[in-house]
Amino acid sequence: IKTCPKHGDTEHALYDGRLRCKQCMVDYDREKRHRVKEKLVNYKGGKCEICGYDKCLNAFDFHHRNPEEKEFNLNSANYNRPLDILYKEVDKCILVCANCHREIHNKIIQLNKG
């Protein structure tokens, strides 16, 4: 336990050879994932390609047009990959809001593969 200027007395751990506040590192990772998703969403046009929704970043999903071409899921667990790799995977997707994404998977909205 050490004192962090932001979080007070809290657990610290070694990161890159330096003792750092664990909560600060969690906060940093969350903010980094948010910035990466924002870049990817903007790269795809910043709005749902089906209905035009454009309000909440967290409401966007990347739907693979052809699941057979998918190399990995585009979710926050994979946002630590290099941006060029993420952009290549995003190119295989359409940007959709959560509602449209659910409707695609429930076959209410039909997409052409490819």
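Trainee: What exactly am I supposed to notice about helix α3 (residues 98-105) here?
Mentor: Residue pairs three or four apart in sequence face the same way in an α-helix, which turns once every 3.6 residues. All of the buried residues along α3 are C100, H101 and I104. Mapping the buried residues of α3 onto a view down its axis gives an arc of 105 degrees, with all of them on the same face. Next to the buried residues of α3 lie β5 (60-64) and β6 (93-97).

Trainee: Before we go on, may I ask you to explain the pairing of β6 in this structure?
Mentor: With five of five residues buried, β6 lies mostly within the body of the structure. Side chains C93, L95 and C97 project from β6 onto one buried face, and the interleaved I94 and V96 project onto a second face that is buried too. Bridging between β5 and β6 involves five bridges; their strand directions are antiparallel. Within the sheet, the bridge partner assigned to H64 lies in β6 and is C93.

Trainee: How do you make sense of the environment of K22 when you look at a structure like this?
Mentor: Structurally, the position occupied by K22 is in helix α1 (residues 22-43). Taking relative accessible area as the criterion, K22 reaches 33% and is therefore assigned partly exposed. Note: C-alpha distance between K22 and T10 (twelve residues apart in sequence) is 7.7 Å. Excluding anything up to four places from it in sequence, K22 contacts E11, H12, A13 and Y15.

Trainee: Would you mind showing me how to read the environment of E71 here?
Mentor: Position of E71 relative to the elements: it lies in the loop between β5 and α2 (83-90). The residues touching E71, leaving out its near neighbours within four places in the chain, are E89 and K92.

Trainee: Would you mind going over the nonpolar core with me for this structure?
Mentor: Soluble globular proteins tend to bury their nonpolar side chains together. Among the nonpolar cores identified, the biggest contains 13 residues, and L40, V41, F62, L74, Y79 and L86 are the most heavily contacted of them. Ranked by residue count, the leading element in this core is α1, at three residues. The residues contacting L40, other than those within four sequence positions of it, are F62, Y79, L86, Y87 and V90.

Trainee: Please clarify how the packing of aromatic side chains should be interpreted in this entry.
Mentor: Aromatic ring pairs are reported here in terms of the distance separating the ring centres and the angle at which the planes meet. Considering all chains together, one arrives at two aromatic pairs under this definition. For the ring pair Y43 and Y87, a centre distance of 4.5 Å and an interplane angle of 40 degrees mean the geometry is tilted. Taken together, the residues span a long stretch of sequence, with Y43 in helix α1 and Y87 in helix α2 at a distance of 44 residues. By relative accessible area, which is 41% here, Y43 ends up partly exposed.

What counts as what
- Residues numbered from 1 in each chain as written.
- Predicted model: local features only at pLDDT ≥ 70, side-chain atom pairs only at ≥ 80, totals over all residues.
- Heavy atoms only, no water.
- Buried < 20%, exposed > 50% of the residue type's maximum accessible area, 1.4 Å probe, protein only.
- Helix = DSSP H or I, 4+ residues; strand = E, 2+ residues; numbered from the N terminus.
- Arc of directions from axis to C-beta.
- Contact = heavy atoms within 4.5 Å.
- Pairing = 2+ DSSP bridges.
- Core = buried A, V, L, I, M, F, W, Y, C linked by side-chain atoms within 4.5 Å.
- Phe/Tyr/Trp six-rings, centres within 6.5 Å; stacked < 30°, edge-to-face > 60°.

Purely geometric numbers; function is a separate question.
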